[in-house]
Amino acid sequence: MRNTTRYPVKGANSLWHVYKTVPFWKVVKNFMVIQLARYTPFLGVKNWLYRTFLGVKVGEHTSFALMVMLDVMFPEKISVGRNTVIGYNTTILAHEYLIKEYRLGAVEIGSEVMIGANSTLLPGITIGDGAIVSAGTLVHKDVPAGCFVGGNPMRVIYSKEELEKRWVEDPIYKQDKL
């Protein structure tokens, strides 16, 4: 189960209660910053915007590709380690507004992680250091360090040990072990 906190609502679905859960002007500011960052080609500027105006924890040399969409309501619940790549058009959510409740959960992405294009990360998940997430994956549960995962529903394709065996003779990845 993902690590989220559940908040029940009465009456209309939880999205109708949105501005009771997050201030309107915070959402407006976050939306403008995220839209600016989604289109900027300058990785350093993008990371600075996320750190400075949204409170996202972003490690050194981390790269957010074009069109990455961070959570507009609670971006401060997102943390990304160093030297990680977040692929094109990936969505990272820290909230879910459902019919009878809403849920909030931190998203923790480790260092040296590769997240493929068009992936969606749900609230309350952790992706371990060195993990690889295939393009188009719905990350609905934690990803162990060093694993290669993919699909919808997400599943482990290669464990850390299996990947290490595959890379023994690889001219690029075997050098990480030297």
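All values derive from a computational prediction rather than experimental measurement. (Residues numbered from 1 in each chain as written. Predicted model: local features only at pLDDT ≥ 70, side-chain atom pairs only at ≥ 80, totals over all residues. Heavy atoms only, no water.)

1. Thoughts on the side chain of Asn-30
- By the element assignment, Asn-30 lies in helix H2 (residues 24-39).
- For Asn-30, the side chain forms a polar contact with the side chain of Lys-29, separated by 3.4 Å.
- Beyond its immediate stretch of four places on either side in the chain, Asn-30 contacts Phe-53, Leu-54, Val-72, Met-73 and Pro-75. (Helix = DSSP H or I, 4+ residues; strand = E, 2+ residues; numbered from the N terminus. Polar contact = N/O pair within 3.5 Å; in protein donor to acceptor, adjacent residues only side chain to side chain. Contact = heavy atoms within 4.5 Å.)

2. Side note on the pairing of strand S17 (residues 155-158)
- Here three bridges tie strand S16 (residues 148-150) to S17, and the two strands are oriented antiparallel to one another. Counterpart to Phe-148 in the pairing with S17 is Tyr-158.
- Taken together, S16 and the strand that follows it, S17, pair antiparallel across an intervening segment of four residues, in which Gly-151 is found at a positive phi of about 100 degrees. (Pairing = 2+ DSSP bridges.)

3. Some thoughts on a nonpolar patch on the surface
- Residues Tyr-19, Phe-24 and Trp-25 make up a contiguous nonpolar surface patch of roughly 400 Å² in combined accessible area.
- Checked against the element boundaries, Phe-24 lands in helix H2. (Patch = residues over 30% accessible without salt bridge, like charges linked within 9 Å, V, L, I, M, F, W, Y side chains within 5 Å. Areas by Shrake-Rupley, 256 points an atom, 1.4 Å probe, with all protein chains shown as cover. Salt bridge = Lys/Arg side-chain N within 4 Å of Asp/Glu carboxyl O.)

4. Observations concerning the pattern of salt bridges
- Applying the stated criterion to the full structure yields six salt bridges.
- Arg-103 is the salt-bridge partner of Glu-101, the closest N and O atoms lying 3.0 Å from each other. Here Glu-101 matches Arg-103 in class, with each residue buried.
- It is possible to trace a salt-bridge network through shared partners that takes in Arg-2, Arg-6, Glu-96, Glu-101 and Arg-103. (Buried < 20%, exposed > 50% of the residue type's maximum accessible area, 1.4 Å probe, protein only.)

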